[in-house]
Amino acid sequence: MNEQQHLDTLTDIKRIMERSTRFMSLSGLGGIGAGVSALVGAYFAWDLLSAAGEGYQPVSETALVSRLLLIAGAVLLAALGAGFYFTWRKARRQGLPVWDAAARKVFINLAIPLVTGGLFILGLLKHGYLALVAPSCLVFYGLALVNAGKYTVTDIRYLGYAEIALGIIALFNLYHGLFFWALGFGVLHILYGAIMWWKYERIPAE
Amino acid sequence: MNPIGNLNKVFESRIRLGVMSVLMVNEEVSFNDLKEMLEVTDGNLASHLGTLEENAYIKVHKGFIGRKTNTTYSITKTGEKAFKGHLAALEAMIKFSQ
């Protein structure tokens, strides 16, 4: 046993501790993909809203709402698809399992605030509080990210804080919801994804 | 003082040290998760877990999920102390030889 072996052992212990508690394969490219989907979706929503001559008002026009929901659903699918695909690819390249104990913790800790938020927003829609939808999306999503930050790349918490802050600002600036939504889900995702990619993925993972 | 004396013989095995590392930072871990994290075979892991249990470093909880047995493991106070002592000894040795 020499010094180098002891150092290796300590590094090993640290690596095992980290890998058993944190899911480190979240991909920056997935964030960029999700951001682009959100911006495309926001463009269609904006198009729809301005065509309806509505502005962004707290009126429940069933047809409009169901079309917006359709766009939102498509964005969600595309964003999740991009996130999962790039994360799966990164994990495979690292030779790590995609669905291990740490990944399950990330999933559950994301899901609790997200499902709560989703149901909350459905309630808002039911009662016609359309203007509150965008701020609520941002706040609940931000809380989900902060919550999951314990079990994955810590940096994701900063994205969470930014989403929460943006959601609160949006709440005090109602009727600009779509703008803040696009900023939070589009621009912030792309920015975060690019930073993560630059920080962790630019040099191919060992 | 010769710090080599403080190294724990039980932790000479990388797998046993790995099990302890996982259990230090996770409250309760199942057999299958341990197996996956440490990339070892069933028999190999079981024998190392046996050794750790004999030394009272870990506690075994036998439960059921439906009809399937679900065995989970957690670290004991004794185990935590032993692991920390081993880490301190490793660190001391690195400083010692520098």
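The shown structure was predicted, so the numbers you read here are calculated from the model rather than taken from an experiment.

With that settled, the discussion passes to the UniProt feature "domain: Winged helix DNA-binding" (unreviewed entry) in chain B. Sequence positions flagged by UniProt for "domain: Winged helix DNA-binding" (unreviewed entry) are, in local numbering, residues 15-94 of chain B. Annotated as 62% helix and 22% strand, the span residues 15-94 of chain B places its first and last C-alpha atoms 22 Å apart.

So, on to unusual backbone geometry. Residues and elements named next belong to chain B. Even without a glycine there, the phi angle at Glu39 is positive, about 50 degrees. Within the fold, Glu39 resides in the loop between α2 (31-38) and α3 (42-54). By relative accessible area, Glu39 is classed as exposed at 58%. Phi at Ala56 takes a positive value of approximately 60 degrees, unusual for a residue other than glycine.

Time to look at the UniProt feature "transmembrane region" (unreviewed entry) in chain A. Residue and element names in this part refer to chain A. In this numbering, the UniProt entry assigns the feature "transmembrane region" (unreviewed entry) to residues 23-44, 64-86, 106-123, 129-146, 158-175 and 181-200. The span residues 106-123 is 100% helical and 0% strand by assignment, and the distance between its end C-alpha atoms comes to 26 Å. The annotated region residues 129-146 carries 78% helix and 0% strand content, and the separation between its end C-alpha atoms amounts to 26 Å.

This next bit is on the packing of helix α2 (residues 28-51) of chain A against helix α7 (residues 177-201) of chain A. Residue and element names in this part refer to chain A. Axis separation between α2 and α7 bottoms out at 7 Å; the angle between their running directions is 165 degrees. With respect to each other, α2 and α7 are oriented roughly antiparallel. Where α2 crosses over α7, the two elements pack in a sense that is left-handed. Residues of the contact of α2 with α7, tallied by class, amount to 19 nonpolar, six polar and one charged.

Analysis parameters
Residues numbered from 1 in each chain as written. Chains lettered and ligands numbered in written order. Predicted model: local features only at pLDDT ≥ 70, side-chain atom pairs only at ≥ 80, totals over all residues. Heavy atoms only, no water. UniProt positions renumbered as here; feature names shortened; annotations may be inferred. Helix = DSSP H or I, 4+ residues; strand = E, 2+ residues; numbered from the N terminus. Buried < 20%, exposed > 50% of the residue type's maximum accessible area, 1.4 Å probe, protein only. Axes fitted to C-alpha atoms, helices over the stretch in contact; angles between N-to-C directions. Parallel < 35°, antiparallel > 145°, perpendicular 65-115°, else oblique. Left-handed = near helix turned anticlockwise from the far one by under 90°. Nonpolar A, V, L, I, M, F, W, Y, C, P; charged D, E, K, R; others polar.

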